[in-house]
Amino acid sequence: MNEINTKPTILIVDDTPINIAVLYELLQSDYEIKAATNGEDALEIAKGAEKPDLILLDIEMPGMDGYEVCKELKNSTKTKNIPIIFVTAKNNPEDEEYGFNLGAVDYISKPFFPMIVKVRVKTHIGMKIIRDQLEELSMIDGLTRIPNRRYFDDNYTKNFHDAQREKTSLVILMIDVDHFKKYNDNYGHGQGDDCLIKIATALKNTIKRPTDFVSRYGGEEFVVLLKNIDADGAKNVAHNIINAVNDLKIPHEYSPTSDHVTISVGMALKENDLSQAELLKKADDALYRAKEGGRNKFCE
């Protein structure tokens, strides 16, 4: 759902301005309203940074009709999850069936009854909010409350392709908690969980830029993705997260490395000929060297 507006956002698409005005008057008290009078403008708005939560879409429009708009929206990963309600004078059962087969969630015939429109919009907005909340929960690690492996995998793919297209840099920091098995074995899994929560919070608080993020990668492993940053900047981040965990001073008397919990970090900078898998392996190999080289450090 749109994070900037407190109200859900509805995009009304109709080539007749009076129809937009009527729907605007009906819905504006409960929703943020955007409008387009043709299919091309509708697609531009729907694919923008602030995506609508629901689209009310006329079918019969000059140029690109509503069916074509719906097809393009459903064929794009960026917009396929936006619910679409057709609002149209085409009210044959065959027309409704065709609209539903394209991916529409509902079909309102013109002339419409205002209360029917309000109820159906409220229903589908409510369902969209629930889906968004479930999707968000599925991307959060249940223990540490930071993004999980699924979130990382999805966003890593997107950011990798963006970096290739825009010819910008991308850095992966692979992180492992040093001697964590010894910690769990001697302090117990409850304290082990508390340790991971504290480390995750420290890592999250150290990553300052909104374009960067940290995820739990699995077990005692974490991964950081840094966008559009040079090698020196990435090294600074690596040093900062190592220092942040050291500053926690979580006692670990069974660690051969230190009297408190530490981390090791492997750093990999995207190069032109590296694939997604190769960049991850490069970071993992660097992490292995950091662990073999004494831990509580980073290698590139």
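Scope of this entry: the structure provided in the associated data block.

Each value, and the rule that gives it
- Residues numbered from 1 in each chain as written.
- Predicted model: local features only at pLDDT ≥ 70, side-chain atom pairs only at ≥ 80, totals over all residues.
- Heavy atoms only, no water.
- Salt bridge = Lys/Arg side-chain N within 4 Å of Asp/Glu carboxyl O.
- Helix = DSSP H or I, 4+ residues; strand = E, 2+ residues; numbered from the N terminus.
- Pairing = 2+ DSSP bridges.
- Axes fitted to C-alpha atoms, helices over the stretch in contact; angles between N-to-C directions.
- Contact = heavy atoms within 4.5 Å.
- Patch = residues over 30% accessible without salt bridge, like charges linked within 9 Å, V, L, I, M, F, W, Y side chains within 5 Å.
- Areas by Shrake-Rupley, 256 points an atom, 1.4 Å probe, with all protein chains shown as cover.
- Lys, Arg positive; Asp, Glu negative; His and termini not counted.
- Charge placed at Lys NZ, Arg CZ, Asp CG, Glu CD.
- Buried < 20%, exposed > 50% of the residue type's maximum accessible area, 1.4 Å probe, protein only.
- Polar contact = N/O pair within 3.5 Å; in protein donor to acceptor, adjacent residues only side chain to side chain.
- Phe/Tyr/Trp six-rings, centres within 6.5 Å; stacked < 30°, edge-to-face > 60°.
- Expected span 1.5 Å × (residues − 1).
- Parallel < 35°, antiparallel > 145°, perpendicular 65-115°, else oblique.
- Nonpolar A, V, L, I, M, F, W, Y, C, P; charged D, E, K, R; others polar.
- Left-handed = near helix turned anticlockwise from the far one by under 90°.

## Brief notes about the pattern of salt bridges
Here the idea is simple: oppositely charged side chains can pair when their charged atoms come close. The final tally for this structure, using the stated rule, is 18 salt bridges. Across the salt bridge formed by Glu-72 and Lys-47, the nearest N and O atoms sit 3.0 Å from each other. Here Glu-72, found in helix α3 (residues 66-74), pairs with Lys-47, found in the loop between α2 (39-46) and β3 (54-57); they are 25 residues apart in sequence, far enough to count as distant. Asp-95 is the partner of Lys-90 in a salt bridge, and the nearest nitrogen-oxygen pair spans 3.9 Å.

## Notes on the sheet that holds strand β1 (residues 9-13)
With respect to topology, five strands assemble into an open sheet ordered β2-β1-β3-β4-β5, the strand pairing being parallel. The sheet is open, and its two borders are formed by β2 (32-36) and β5 (106-109), each paired with just one other strand. Within the sheet, the average angular offset between the axes of one strand and its neighbour, ignoring direction, is 20°. Where β1 and β2 come together, five bridges link them in parallel fashion. Across the sheet, residue Ile-10 finds its bridge partner in β2, namely Ile-33. Running at roughly 140° to β2, α2 makes contact with β1, β2 and β3 of the sheet.

## What to know about a negative patch on the surface
Side chains of Glu-40, Asp-41, Glu-44 and Glu-68 sit close together on the surface and give a patch of like negative charge. Considering every element that reaches the negative patch, the biggest residue donor is α2, with three residues. When you line up the elements, Glu-44 lands in helix α2.

## Observations concerning the environment of Tyr-107
Looking at the secondary structure, you find Tyr-107 in strand β5. For Tyr-107, a relative accessible area of 4% puts it in the buried group. Excluding residues within four positions of it along the chain, Tyr-107 makes contact with Ile-59, Tyr-67, Ile-85, Phe-86, Thr-88, Lys-90, Asn-91, Asp-95, Glu-96, Phe-100 and Arg-120. A distance of 2.4 Å separates the side chain of Tyr-107 from the backbone oxygen of Lys-90, its partner in a polar contact.

## Focus: the packing of aromatic side chains
Scanning all chains against the criterion turns up 12 aromatic pairs. Taken together, a centroid distance of 4.7 Å and an interplanar angle of 90° make the contact between Tyr-67 and Tyr-98 edge-to-face. You can see Tyr-67 sitting in helix α3 and its partner Tyr-98 sitting in helix α4 (residues 93-102), a full 31 residues away along the chain. Between Phe-86 and Tyr-107 the ring centres are 6.2 Å apart and the planes differ by 65°, which places this aromatic pair in the edge-to-face class. Highlighted residues: Phe-86 in strand β4 (residues 84-88) and Tyr-107 in strand β5, separated in sequence by 21 residues.

## Details of the side chain of Lys-270
Tracing the backbone shows Lys-270 in the loop between β9 (263-269) and α10 (276-292). There is no salt bridge for the buried Lys-270, and the closest opposite charge comes from Asp-273, which lies 7.9 Å off by N-O distance.

## Side note on helix α5 (residues 114-138)
Its 25 residues place the ends of α5 36 Å apart at the C-alpha level, agreeing with the 36 Å of an ideal helix rising 1.5 Å per residue. Inspection of α5 places Val-117, Val-121, His-124, Ile-125 and Lys-128 among the buried residues, and these make up the whole buried set. Tucked inside the fold, the buried residues of α5 contact β1, α1 (17-27), β3, β4 and β5.

## Structural notes on the side chain of Ser-264
Note on placement: Ser-264 falls in strand β9. Within the structure, Ser-264 has its side chain in polar contact with the side chain of Asp-178 (distance 2.6 Å). Residues in contact with Ser-264, not counting those within four places in the same chain, are Met-174, Ile-175, Asp-176, Asp-178, Leu-287, Ala-290, Lys-291, Arg-295, Asn-296 and Lys-297.

## With respect to the packing of α3 against α4
To describe two helices that pack against each other, one gives the angle between their axes and the distance between the axes. Closest axis-to-axis distance for the α3/α4 pair is 9 Å, and the angle between their directions is 20°. Here α3 is positioned roughly parallel relative to α4, judged by the angle of their axes. Mapping the contact onto sequence places Tyr-67, Cys-70, Lys-71 and Lys-74 in α3 and Asp-95, Tyr-98, Gly-99 and Leu-102 in α4. Of the residues contributing to the contact of α3 with α4, the split by class is four nonpolar, one polar and three charged.

## Section: the packing of α2 against α3
Closest axis-to-axis distance for the α2/α3 pair is 10 Å, and the angle between their directions is 25°. Between α2 and α3, the crossing angle belongs to the class labelled roughly parallel. Here α2 and α3 pass one another in a crossing that is right-handed. Across from Gly-39, Leu-43 and Ala-46 in α2, the residues of α3 making contact are Val-69, Glu-72 and Leu-73. Taken together, the residues of the contact of α2 with α3 sort by class into four nonpolar, one polar and one charged.

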